[in-house]
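Okay, here's what each chain looks like letter by letter:
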Amino acid sequence: SSANAIMLGARLIRNNQLARVLVGGTDALTKFTLNGFHSLEILSPTGCRPFDSGRNGLTIGEGAAALVLESEYTADPRRILCEISGYTNVNEAYHQTASSADGSGAWLAMTGALDVAALNANEIGYINAHGTGTEINDLSEGRAIDRLFDNALPSVSSTKAFTGHTLGAAGAVEAVFSVLALKDQVAWAGLNITGYMPELRFKPVSKVTHRPIRHVMSNSFGFGGNNTSLIFSSL
């Protein structure tokens, strides 16, 4: 939801409807939410391990994040952290709760964001993946990343092992991580990785890695095949 809010704000500015937009999201823990994910049998009993060969489910978090988007014509150059260069939302409508096995929805969202940003895949330095730690999601997203980035694989990690899946807030929380990745020139670590997924070519970052990064992709993939990718770029 908050990834789509960021995309909507960026589009309003790009289409000269507004000069400044406050975007973000928030979500709180409730028994209803916990019971819902428990009924899907995807809550981890031991802790979230995105892209780990022994992953066994997600953990739920709560949080909030907000970002101020401004037109390049009104923003103070001294205060600009980065720009939103790409965004795309697609709905593959594959299943009510599950991702498609081949990651087609994730692939469409990522390729669409690259097209909007006019970037090649090899220009992405870091992907803040959706990476929930569930068996189906990580395999689906991982296959899409392998397919799209081929021999130009960027650093990949999911910060949900730190925060839990904050649901409606996740897109905004992870956008903040993405902005900080550009600001500090780091790829954030994935936690609790003890073994790599044999089905995937890329290996998730397991410790904070300092490297030159000009473009960060942030993925937010939801129920019903509602998939959004954002790209944040240094100026």
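Let me begin by describing the structure that accompanies this report. Residue positions within a chain follow its written sequence, with the count starting from 1. Totals for whole chains, interfaces and linings use all residues, but because this is a predicted model, local features are given only for residues with pLDDT of at least 70 and pairs of side-chain atoms are given and counted only at 80 or more. Derived side-chain values reflect all non-hydrogen atoms in the structure, with water molecules and hydrogen atoms excluded from consideration.

### Some words on the overall build of the chain
Filter applied, for reference: Strands are runs of DSSP state E lasting at least 2 residues, helices are runs of H or I lasting at least 4, and numbering of each runs from the N terminus. Radius of gyration: C-alpha atoms only; globule rule: 2.2 Å multiplied by the number of residues to the exponent 0.38. Contacts are assigned to residue pairs that have any heavy atoms within 4.5 Å of one another.
Counting its secondary structure elements, the chain contains six helices and nine strands. Over its C-alpha atoms the chain spans a radius of gyration of 17 Å, differing by no more than 12% from the 18 Å that the globule rule assigns to 235 residues. Taking the principal axes of its C-alpha atoms as reference, the chain extends roughly 50 × 40 × 30 Å. Restricting the contact set of the chain to residue pairs at least 6 apart, pairs at least 24 apart contribute 77%.

### Comments concerning unusual backbone geometry
Our working rule: Each residue is placed in one exposure class: buried if its accessible area under a 1.4 Å probe, protein chains only, is under 20% of its type's maximum, exposed if it is over 50%, and partly exposed if it falls in between.
The phi dihedral of Asn 16 falls on the positive side, at around 60°, and the residue is not glycine. Checked against the element boundaries, Asn 16 lands in the loop between helix H1 (2-14) and strand S1 (20-27). We classify Asn 16 as exposed; its relative accessible area is 68%. Look at Asn 192: it is not a glycine, yet its phi comes out positive at around 65°. With a relative accessible area of 42%, Asn 192 lands in the partly exposed category.

### Observations concerning the pattern of salt bridges
The cut-off we apply is this: Basic side-chain nitrogens of Lys or Arg form a salt bridge, by our definition, when they fall within 4 Å of a carboxyl oxygen of Asp or Glu.
A complete count under the given rule lists five salt bridges for this structure. Between Arg 49 and Asp 52 there is a salt bridge, and its shortest N-O distance comes to 3.5 Å.

### Describing the nonpolar core
Here is the rule we go by: To qualify as a nonpolar core, a set must consist of buried Ala, Val, Leu, Ile, Met, Phe, Trp, Tyr and Cys residues joined through side-chain atoms within 4.5 Å.
Counting 29 residues, the largest nonpolar core has Ile 6, Leu 67, Ile 84, Tyr 126, Leu 230 and Phe 232 as the members making the most contacts within it. Residue assignment for this core shows that the elements contributing at least two residues are H1, S1, strand S2 (63-70), strand S3 (83-91), helix H6 (170-184), strand S6 (186-187) and strand S9 (226-233). Ranked by the residues each element gives to this core, the list is headed by H6, at six residues. Apart from the residues within four sequence positions on either side, Phe 232 is in contact with Cys 82, Glu 83, Ile 84, Ala 175, Ser 178, Val 179, Leu 182, Arg 214, His 215, Val 216 and Ser 218. Judged by nonpolar contacts, the second largest core, of 25 residues, contains Ala 113, Ala 129, Leu 139 and Ile 145.

### Things to note about the sheet that holds strand S8 (residues 215-222)
Selection criterion: At least two DSSP bridges between two strands are required for those strands to pair. Interaxial angles span 0 to 180 degrees and are taken between N-to-C directions of axes, which are lines fitted to C-alpha atoms, for helices over the stretch in contact.
Ordered in space as S3-S9-S8-S4-S5, the five strands form an open sheet in which the pairing is mixed. Looking along the sheet, the strands with just one partner apiece sit at the ends: S3 and strand S5 (155-157). Averaged over all adjacent pairs, the angle separating strand axes in this sheet is 15°, with direction ignored. Summarising the sheet, S3 and S9 pair through eight bridges and their orientation is antiparallel.

### Some points on the packing of aromatic side chains
Where we set the bar: Ring pairs are drawn from Phe, Tyr and Trp, using the six-membered ring of Trp, whenever the two centres fall within 6.5 Å, and their geometry is named by plane angle: stacked under 30 degrees, edge-to-face over 60, tilted for the rest. We count a charge as sitting over a ring when the NZ of a lysine or the CZ of an arginine lies within 6 Å of the ring centre and within 35 degrees of the ring normal.
For the structure shown, the criterion picks out three aromatic pairs. Centre to centre, the rings of Phe 37 and Phe 223 are 5.9 Å apart; their planes meet at 35°, and the pair counts as tilted. One end of the pair, Phe 37, is in helix H2 (residues 31-39); the other, Phe 223, is in the loop between S8 and S9, and 186 residues separate them in sequence. One residue, Arg 147, lies across the ring of Trp 107, its end atom 3.9 Å from the ring centre. Just above the ring of Tyr 196 sits the side chain of Lys 203; from NZ or CZ to the centre is 5.6 Å.

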